[in-house]
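Descriptive structure summary
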Amino acid sequence: MTKTDQFNEFKEHSIAEFFKKNKQMLGFSGKVRSLTTIVHEYVTNSLDAAEEARILPDIQIELNEIDKQSGHYKVKAEDNGSGIPEKLIGKALGQMLAGTKFHRYVQQRGQQGIGAAGVTMYAQITTGKPTKVVSGYRGNIIEALVSIDFKTNKPKVDILSREKGDWHGLIIETEVKDVKYDKSSSGVYEYLKRTAIANPHAQITFIDPDGEVHIFPRSVEIIPPKPKPVKPHPLGLNTNDLLDFAHKDNNKTLNQFLSSTFSRVSANKVKELKELLPHINFKKPPRDLEWQEAEDIINAFKKIRWIAPSIEGIHPIGKEQIRTSMLNMLEPDFLAVVERKPKIYRGGVPFIIEVGLAYGGNSGRKTGGQVSSNIMRFGNRAPLLFDAGGGVIVESVKSIDWKRYDVRDFQNSPITILVNISSVHIPYTGAGKQAISSEPEIKEEIRNAIMEVARKLQIYINGVVKEKEKIHRKKAILRYVHQVASDLSYLSNIDAFEIENLLSKMIEEKYDTKKDEERLKNVISNRG
Ligand SMILES: Nc1ncnc2c1ncn2[C@@H]1O[C@H](COP(=O)(O)OP(=O)(O)OP(=O)(O)O)[C@@H](O)[C@H]1O
Ligand SMILES: [Mg+2]
């Protein structure tokens, strides 16, 4: 072979071809997981679309098994959101890295512009069929078939009908193979249940492959605040980010560009920058910014004292919402919820941690007669069911010394812990968005939140244990009262009934469990 031959095979590939080969990166690995991934992509899109269009979401997912052997299913997802304009239907569902979210600093469930097209891809490579879409957007109802041209990562759209009508929303029907529905903790049912917990404003209907209808009703009539784009904070940028922003910018000067593009960059801060960087001409157009200059600016950013990033764009689920959801679902004996103050990771990206801890009732996971603790993970209200081991949430829960909080065997306790991370940019470990990377600041915050609820649990557990012991002792002594009274009556000639009454009263006074019961009640009513 001559030297040039090895480059005869040199070719370019599209992102669609890449993900076709590496579909596991998008969550398409394993039959149950693949089906949950499909539902996840559609449901997160529906919730995002409804939030943005200020609509209380009504979402329906229907699964039909066509052939068991090959794992052939039809998946239908319907929402009452904004729908998609005709000219964007193809790009939205048939092109990777296209969408309304990737380029904005906005807290939404979707971030990348890959999810929906990823499902279209999976349908195509397992059944050869395009995905059918009905979109109702601003008076126009369009029915179309969408597929991806893998070579170019361009959509192929076949319009089936165009109608006028008021209905708005999106219906997607797709056929896939190599998937499986089951009711396991990583299946579609569990996924939708958890989605309902973190999104009590959504009404979710699920029709399972047996035709059984499961409804997760809306329990809160409030639409979450509209996701607002936030400006990136100087400490959240690297050199490449800064150059990207600068080269796309139309401001006349670097000066104007810096203060209009990033948050917290006041005239005074620009002055400080100029003093630190006398060699840079801040009057030149941002388009002309060079790599070295950008790197110097990024380094100077680190020397300046900044006001923390704005948290305006971050919306947690809310303490009350979590409390309502967990009480409804788990009917626990004890519940505590905390919402922590916003914090920052990687120097510039704000996030908020919420944690709910339920104990007793239906908390924990029940398998056979055994109960084990259960961790429910969420990123921007979307349940994370896979790759638990690789993520910061499980790592943080496991790092807690539970014995310090009088939980002797955390693994086998009736405990459910809910953790939600809200941010305009959640650092997922992969494109499948199932685990969150272990940023030190995020881990620290999750640990702090858990310790806060664990301290409340400890008070509760102590109350219960002490009260139980006292009641037990009282009962044991009361068992002898009758016999002792009749013996004393025989010796003293006093009426046995009277003695029994007196003895019982003495014991009641000594082991006054009413106070404990009262205290215990207070602990429960103070839960939170
Ligand atoms: N149900 C829907 N209603 C309205 N618009 C939608 C809906 N589903 C998808 N879209 C539009 O299609 C785009 C692409 O969706 P897709 O799921 O591929 O990417 P994304 O949600 O932006 O990011 P991610 O890859 O993280 O899910 C979205 O950004 C949105 O603009
Ligand atoms: Mg999406």
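Our structure is the block above this text.
Presented here is an overview of the structure given in this document. (Residues numbered from 1 in each chain as written. Chains lettered and ligands numbered in written order. Predicted model: local features only at pLDDT ≥ 70, side-chain atom pairs only at ≥ 80, totals over all residues. Heavy atoms only, no water.)

Moving on: the side chain of serine 437. When you line up the elements, serine 437 lands in the loop between strand 16 (415-423) and helix 12 (440-492). With near-sequence residues (within four places) excluded, serine 437 lies in contact with Arg346, Val392, Pro427, Tyr428 and Thr429. (Helix = DSSP H or I, 4+ residues; strand = E, 2+ residues; numbered from the N terminus. Contact = heavy atoms within 4.5 Å.)

How two aromatic rings sit relative to each other is set out by the distance from centre to centre and by the angle between their planes. The tally for this structure, following the rule as stated, stands at eleven aromatic pairs. Taking the centre distance of 5.7 Å and the plane angle of 55° together, the rings of tyrosine 181 and phenylalanine 206 count as tilted. Of this pair, tyrosine 181 sits in the loop between strand 6 (169-176) and helix 5 (188-198) while phenylalanine 206 is found in strand 7 (residues 203-207), placing the two residues 25 residues apart along the sequence. What makes tyrosine 181 buried here is its relative accessible area of 14%. Ring geometry for phenylalanine 245 versus phenylalanine 262: centroids 5.4 Å apart, planes at 90°, classification edge-to-face. Taken together, the residues span a long stretch of sequence, with phenylalanine 245 in helix 6 (residues 239-248) and phenylalanine 262 in the loop between helix 7 (254-261) and helix 8 (267-276) at a distance of 17 residues. Given the relative accessible area of 1%, phenylalanine 262 is considered buried. Each residue in the set Phe245, Phe257 and Phe262 is aromatic and connected to the rest through ring pairs, giving one cluster. Here the guanidinium or amino end of lysine 183 rests over the ring plane of tyrosine 189, the centre of that ring lying 4.2 Å away. Over the ring of tryptophan 306 we find lysine 269; its NZ or CZ atom is 5.9 Å from the centre of that ring. (Phe/Tyr/Trp six-rings, centres within 6.5 Å; stacked < 30°, edge-to-face > 60°. Buried < 20%, exposed > 50% of the residue type's maximum accessible area, 1.4 Å probe, protein only. Lys NZ or Arg CZ within 6 Å of the ring centre and 35° of its normal.)

Here the focus is the pattern of salt bridges. Per the counting criterion, the structure on display carries 18 salt bridges. Linking lysine 68 and glutamate 65 is a salt bridge whose minimum nitrogen-to-oxygen distance equals 3.8 Å. The exposure class assigned to lysine 68 is exposed, which follows from its relative accessible area of 65%. Salt bridges linked by common partners bring Arg340, Lys343, Glu445 and Glu452 together as one network. (Salt bridge = Lys/Arg side-chain N within 4 Å of Asp/Glu carboxyl O.)

Of all the six residues making up strand 14 (residues 374-379), six are buried; the element is thus mostly covered by neighbouring parts of the structure. Alternating positions in strand 14 separate into two faces, Asn374, Met376 and Phe378 on one and Ile375, Arg377 and Gly379 on the other, with burial throughout. As judged from the six bridges shared by strand 14 and strand 16, these two strands associate in the parallel manner. Bridging from a neighbouring strand, glycine 379 pairs with isoleucine 421 of strand 16. Sheet topology note: the strand 14/strand 15 (residues 382-384) ladder contains three bridges and is antiparallel. Across the sheet, the residue bridging to arginine 377 is leucine 384, located in strand 15. Linking strand 14 to strand 15, which pair antiparallel, is a turn of two residues; within it asparagine 380 sits at a positive phi near 45°. (Pairing = 2+ DSSP bridges.)

Moving on, we come to unusual backbone geometry. Not every positive phi belongs to a glycine, and asparagine 380 is a case in point at roughly 45°. Looking at the element boundaries, asparagine 380 is found in the loop between strand 14 and strand 15. Positive phi is not limited to glycine here, since arginine 381 has a value of about 70°. Mapped onto the elements of the fold, arginine 381 is located in the loop between strand 14 and strand 15. Take arginine 381: its relative accessible area is 7%, and that puts it in the buried class.

Here we take up the nonpolar core. Counting residues in each nonpolar core, the largest one holds 47 residues, and the members touching the most others are Ile38, Ile61 and Leu192. Dropping the residues within four chain positions of it, leucine 192 is found in contact with Val39, Val43, Ile61, Ile204, Phe206 and Phe216. Ranked by size, the runner-up nonpolar core spans 38 residues in total, among them Ile393, Trp402, Ile421 and Ile436. (Core = buried A, V, L, I, M, F, W, Y, C linked by side-chain atoms within 4.5 Å.)

This part takes up the sheet that holds strand 8 (residues 213-216). Spatially, the eight strands line up as an open sheet ordered 5-4-3-6-2-1-7-8, and their pairing is mixed. In the strand order of this sheet, the two ends are held by strand 5 (154-164) and strand 8, each with one partner. Direction aside, neighbouring strands of the sheet carry axes that sit 15° apart on average. Where strand 4 (residues 140-149) meets strand 5, ten bridges bridge the pair, whose relative direction is antiparallel. Its bridge partner being in strand 5, isoleucine 142 is matched across the sheet by arginine 162. Against the sheet, helix 2 (residues 31-52) makes contact with strand 1 (58-67), strand 2 (72-79), strand 3 (131-137) and strand 6, and its axis sits at roughly 155° relative to strand 1, the strand it touches most. Each of strand 2, strand 3, strand 4 and strand 6 touches helix 4 (residues 115-127); the most contacted strand, strand 6, lies at about 30° to it. (Axes fitted to C-alpha atoms, helices over the stretch in contact; angles between N-to-C directions.)

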